[in-house]
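# Coordinate inspection notes
This is what each chain is made of:
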Amino acid sequence: AGGGVLPPIDAVQWCLVSGGVYRHPRCSKADVAAATVRGMMAGGLGEAGGAAAGVAAAGSMLPTVRFAYDEGAFEESVRRELGREGGA
């Protein structure tokens, strides 16, 4: 709270949040992972509005996101979402 400039965050380790006993019974871990990936991509691209739009323009301020392994849920979701971005 000294008012100084904070150092940039280079990488974030992200686990599957609410992908276990607290997820909706009709949702799978893959559904939760896909929603997380879509939300992060939208925020990073500025589609979610707010401060993310300015950060996305700068590009260099976005951290690398490392998804923790959880039965392959994130791997498949990232592959699928990147395919959508590329027009596949």
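Residues numbered from 1 in each chain as written. Predicted model: local features only at pLDDT ≥ 70, side-chain atom pairs only at ≥ 80, totals over all residues. Heavy atoms only, no water.

## Regarding the pattern of salt bridges
- Applying the stated criterion across every chain, the model contains four salt bridges.
- Between Lys-29 and Asp-70 there is a salt bridge, with the nearest N and O atoms lying 2.6 Å from each other. Within this pair, whereas Lys-29 is found in helix α1 (residues 29-45), its partner Asp-70 is found in the loop between β2 (64-67) and α3 (73-85), the two being separated by 41 residues in sequence.
- Exposure remark for Lys-29: the relative accessible area of 21% places this residue in the partly exposed category.
- Note that Glu-71 and Lys-29 form a salt bridge whose closest N and O atoms lie 3.5 Å from each other. A residue pair is termed long-range when its members are at least 10 positions apart, and Glu-71 in the loop between β2 and α3 and Lys-29 in helix α1 qualify at 42 residues.
- Assessed through its relative accessible area of 62%, Glu-71 is described here as exposed.
- Each member of the salt-bridge network shares a partner with another, and the members are Lys-29, Asp-70 and Glu-71. (Salt bridge = Lys/Arg side-chain N within 4 Å of Asp/Glu carboxyl O. Helix = DSSP H or I, 4+ residues; strand = E, 2+ residues; numbered from the N terminus. Buried < 20%, exposed > 50% of the residue type's maximum accessible area, 1.4 Å probe, protein only.)

## A few points about unusual backbone geometry
- The phi dihedral of Ser-18 falls on the positive side, at around 60 degrees, and the residue is not glycine.
- Note on placement: Ser-18 falls in the loop between β1 (11-14) and α1.
- In the Ramachandran plot, Glu-71 falls in the positive-phi region, its phi being about 55 degrees despite a non-glycine side chain.

## Details of the side chain of Ser-77
- Positionally, Ser-77 belongs in helix α3.
- Here Ala-30 takes part through its backbone oxygen, which lies 3.5 Å from a polar atom of the side chain of Ser-77.
- Discounting residues that sit within four places of it in the chain, Ser-77 has contacts with Ala-30, Ala-33, Ala-34 and Val-37. (Polar contact = N/O pair within 3.5 Å; in protein donor to acceptor, adjacent residues only side chain to side chain. Contact = heavy atoms within 4.5 Å.)

## Considerations on the packing of aromatic side chains
- Considering all chains together, one arrives at one aromatic pair under this definition.
- On the basis of an interplanar angle of 20 degrees and a centroid distance of 4.3 Å, the ring pair of Phe-67 and Phe-74 is categorised as stacked.
- Phe-67 sits in the partly exposed class, given a relative accessible area of 23%. (Phe/Tyr/Trp six-rings, centres within 6.5 Å; stacked < 30°, edge-to-face > 60°.)

## Some thoughts on a nonpolar patch on the surface
- Residues Trp-14, Val-17 and Val-65 make up a contiguous nonpolar surface patch of roughly 230 Å² in combined accessible area.
- Within the secondary structure layout, Val-17 lies in the loop between β1 and α1.
- Given a relative accessible area of 47%, Val-17 falls into the partly exposed group. (Patch = residues over 30% accessible without salt bridge, like charges linked within 9 Å, V, L, I, M, F, W, Y side chains within 5 Å. Areas by Shrake-Rupley, 256 points an atom, 1.4 Å probe, with all protein chains shown as cover.)

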